[in-house]
Amino acid sequence: MRSTEALKVAVVGTGYVGMGTAVMLASLGYDVVGVDIDERKVEMLRRGELPIYEPGLEDLLRASAERLRWTSDYAAAIPEADVIFICVGTPPMAGGAPNLQYVAEAAQSVARHLNGKLQVVVNKSTVPVGTGDWVSRLLEEHAENYHANRYVVVSNPEFLREGTALHDSLYPDRIVLGSDRPQGIARMRELYAPLLDQTFTPPACAPRPEGYTVPELVTTSLSSAEMIKYAANAFLALKISFANEIAGLCECVNADILEVTYGIGFDRRIGHRFLAAGAGWGGSCFGKDTSALISTGGEYGYAMPILEAAIQINQRQRHLVVNKLQRHLPRLQGKRVAVLGLAFKPNTDDLRDAPAHDCIARLTALGAKVRVHDPVALAAARREWSHLKYDEAQSVEEALRGADAVLVMTEWPEYCALDWDVALSGMRNALVIDTRNVIRTRPRYGTVEQIGRRPTLMGAAPLEASA
Ligand SMILES: NC(=O)C1=CN([C@@H]2O[C@H](COP(=O)(O)OP(=O)(O)OC[C@H]3O[C@@H](n4cnc5c(N)ncnc54)[C@H](O)[C@@H]3O)[C@@H](O)[C@H]2O)C=CC1
Ligand SMILES: O=C(O)[C@H]1O[C@H](OP(=O)(O)OP(=O)(O)OC[C@H]2O[C@@H](n3ccc(=O)[nH]c3=O)[C@H](O)[C@@H]2O)[C@H](O)[C@@H](O)[C@@H]1O
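Every value quoted in this text rests on a predicted model; they were computed, and no experiment measured them. Residue numbers here run from 1 along each chain, matching the order of that chain's written sequence. Numbering of ligands from 1 and lettering of chains from A proceed in the order in which they are written. With the structure being a predicted model, the display of local features is reserved for residues of pLDDT at least 70 and the display and counting of side-chain atom pairs for 80 or more, all residues being used for whole-chain, interface and lining totals.

J.: Which residues make up unusual backbone geometry, and what values go with them?
T.: Even without being glycine, N347 reaches a positive phi, approximately 65°. Going along the chain from the N terminus, every DSSP run of H or I of four or more residues is numbered as a helix, and every run of E of two or more is numbered as a strand. Checked against the element boundaries, N347 lands in the loop between β9 (336-340) and α12 (355-365). A count of 20 C-beta atoms within 10 Å places N347 in the buried class. The phi angle at D353 is positive, at roughly 50°, despite the residue not being glycine. When you line up the elements, D353 lands in the loop between β9 and α12. D353 sits in the partly exposed class, given 19 other C-beta atoms within 10 Å. Labels follow a simple rule on C-beta atoms placed from the backbone: if 20 or more others lie within 10 Å of a residue's own, it is buried; if 12 or fewer, it is exposed; otherwise it is partly exposed.

J.: Please give an account of the site of ligand 1 that cites residues and values.
T.: Neighbouring ligand 1 are 27 residues, the closest being G13, G15, G89, S125 and T126. If you list the elements that add at least two residues to the shell around ligand 1, you get α1 (16-27) and α4 (101-112). By residue number, the principal contributor to the shell around ligand 1 is α4, which donates 4 residues. Side-chain classes are defined by residue name, with Ala, Val, Leu, Ile, Met, Phe, Trp, Tyr, Cys and Pro counting as nonpolar, Asp, Glu, Lys and Arg as charged, and the others, Gly among them, as polar. Residue classes in the shell around ligand 1 are distributed as 11 nonpolar, 10 polar and 6 charged. We call a residue near a molecule or strand if the C-beta atom, set from the backbone, is within 6 Å of it.

J.: How would you summarise the UniProt feature "domain: UDP-glucose/GDP-mannose dehydrogenase C-terminal" (unreviewed entry) in the protein if you had to cite specific residues and measurements?
T.: UniProt positions are given in the numbering used here, feature names are shortened, and annotations may be inferred rather than shown by experiment. In the numbering adopted here, UniProt assigns the feature "domain: UDP-glucose/GDP-mannose dehydrogenase C-terminal" (unreviewed entry) to residues 338-441. Secondary structure content for residues 338-441 is 32% helix and 17% strand, while the C-alpha to C-alpha distance between its ends is 21 Å.

Pasting the structure below:
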């Protein structure tokens, strides 16, 4: 790995984005200080423990430990940094607009420790257009060491996915840099030079994927970069809602959504990715960012009906899950329902806006007894879903034992690999609502309902494995 010791980096906020950024830059050879106001997180990180679950991240954290420091003290990080990333949360408020309080607090704390030399403050949090300018003003107002033109604000939106945060940080499709000042872009080009160099040797524990070529560097104005982030997430959310809308029609006309999306995806203008029909999107960003765009539109009296429809379809998908169950078990009072998967997607223990939450809440409201399993998210659910009523199972077998139905809510690899003939044998009633279409070889008996596919009914002859 080449040495890139010249630039020093501070990363403010150590959530998914901050962790991904800090560990990625340390593994490129930079000295990085991570700053978080959550002292519990800082202590964990100092002990080499991860506050988030992500396969492989711990290895890289250990491998780059000598270049990483963690602190809750801005004074120990900001004055010496050439580049300061702001990666704090921007959660949604009631009307859909993002809460920028954490960004404001972080900017003010950064301002108080600026060193009066050229420093680049990079916004990686997802923020509405105009926030970069506002951060600039906050720096100016709160800087104790203020020198005009001595700091530059750059927007560098993040496109990583949870569960693959590190891989996505090291191997992005593109790097977007928005600034109205050329010094900011120049320093960021220097920082990201290793990622833009095809001959760069990546860390041994995160090898370059087969066929990967260096990312496109997209430089724009500050406001365009801010908009690119929202437009990208909104488009991905639309794509999923489109697949879900077509899936519903497939069920009406007896077509199969897997065959349909397989067929349309070969058109390079469409592609196969993000067309998986299911329980709909969850997580911390698609819902928040689509609502934020609509809210921005509202400030200008500009309606965004396509995004409104995408959100409605997503809500309908969640309802569909329990509705499908009710078709077979019209009265859920006293029935035992197993739920496989709590996290909003596999390879994470993040429960934010997870479809499983709404389904469990509705099932219990209808009187069902719910038993849940998740390979990693049970502990997080104990902390965050204490308002929900369910029992925990430590294995899939335990979850299914004696159940009247099972809902598959997350496509964890272990659920995809289940032998359903064996799994169903422990249930009182062999009914599966497979909301992620993980069952490709249908079991020999039982009832399997999927999304956008023909159901297999109790006692039916086995279907051929689908593509
Ligand atoms: N989670 C994801 O996969 C992605 C998130 N984003 C965006 O990145 C931003 C951060 O998201 P996450 O990493 O998920 O957030 P998170 O909520 O997991 O973590 C934010 C961290 O910032 C810390 N923090 C809050 N105020 C602070 C302050 N004043 N000083 C220092 N630390 C402070 C919190 O203690 C927390 O550890 C959001 O705007 C999000 O929309 C963008 C791409 C991907
Ligand atoms: O801004 C963000 O936070 C991030 O949001 C998403 O990443 P993430 O939420 O981690 O996860 P995705 O893999 O995109 O999945 C989001 C949701 O969509 C669902 N999904 C995804 C793909 C699909 O085809 N169908 C589908 O229902 C997943 O189950 C999950 O609930 C984007 O993919 C990232 O590029 C972006 O940086």
